[in-house]
Amino acid sequence: QVRLIESGGGSVQPGDSLRLSCAASGLTFNWYAGAWFRQTPGKEREFVAAVSRQGLIKYYGDSVKGRFTISRDDAKKTMYIQMDNLKPEDTAVYHCAAAHTTELSQSADDYSYWGQGTQVTVSS
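Residues numbered from 1 in each chain as written. Predicted model: local features only at pLDDT ≥ 70, side-chain atom pairs only at ≥ 80, totals over all residues. Heavy atoms only, no water.

Caption draft 1: Seen up close, the side chain of Glu-6. Residue placement: Glu-6 occurs in strand 1 (residues 3-7). Of the side chains bearing the opposite charge, Arg-45 lies closest to the buried Glu-6, which forms no salt bridge; the N-O distance is 7.6 Å. Within the local environment of Glu-6, its side chain forms a polar contact with the backbone nitrogen of Cys-96, the two atoms lying 2.9 Å apart. A polar atom in the side chain of Glu-6 sits 2.9 Å from the backbone nitrogen of Gly-117. Ignoring anything within four residues of it in the chain, the contact list for Glu-6 reads Ser-21, Cys-22, Trp-36, Tyr-94, His-95, Cys-96, Gly-115, Gln-116, Gly-117 and Thr-118. (Helix = DSSP H or I, 4+ residues; strand = E, 2+ residues; numbered from the N terminus. Buried < 20%, exposed > 50% of the residue type's maximum accessible area, 1.4 Å probe, protein only. Lys, Arg positive; Asp, Glu negative; His and termini not counted. Salt bridge = Lys/Arg side-chain N within 4 Å of Asp/Glu carboxyl O. Polar contact = N/O pair within 3.5 Å; in protein donor to acceptor, adjacent residues only side chain to side chain. Contact = heavy atoms within 4.5 Å.)

In structure tokens:
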């Protein structure tokens, strides 16, 4: 059974940092591209960042470029997103996802496995 479990969410103030983790089990993690999406009530999931197998290629959504950094540790079967200079508009539930592909995609439809999400709240 494939499981992706996010952790590291919380409530912070504008300008603060958080690092989210996504621990994978039940799959050969290094065969999979990984991504982070976020969602707020009433809106579609928004692409945040993606990382290819081996971490060679990374994509970022326009709203997080220069502030967020995606990474992966295949030995630990874990993916991360370092979020710096957080803004109130970053408030959302953050989900990690995995796709068995050599291609990177910004579309949620292309990811087969999803975590349950972790809440990030940025407020003064």
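Caption draft 2: The arrangement of the packing of aromatic side chains in detail. Taken as a whole and assessed by the stated rule, the structure comprises 5 aromatic pairs. Aromatic pair Phe-37 and Phe-47: ring centres 5.7 Å apart, planes at 75 degrees, arrangement edge-to-face. One end of the pair, Phe-37, is in strand 4 (residues 33-39); the other, Phe-47, is in strand 5 (residues 46-51), and 10 residues separate them in sequence. With a centroid separation of 5.6 Å and 70 degrees between ring planes, the pair formed by Phe-37 and Tyr-111 is classed as edge-to-face. Taken as a pair, Phe-37 in strand 4 and Tyr-111 in the loop between strand 9 (92-99) and strand 10 (113-114) lie far apart in primary sequence, 74 residues in all. Over the aromatic face of Phe-29 sits the side chain of Arg-72, whose NZ or CZ is 4.6 Å from the ring centroid. (Phe/Tyr/Trp six-rings, centres within 6.5 Å; stacked < 30°, edge-to-face > 60°. Lys NZ or Arg CZ within 6 Å of the ring centre and 35° of its normal.)

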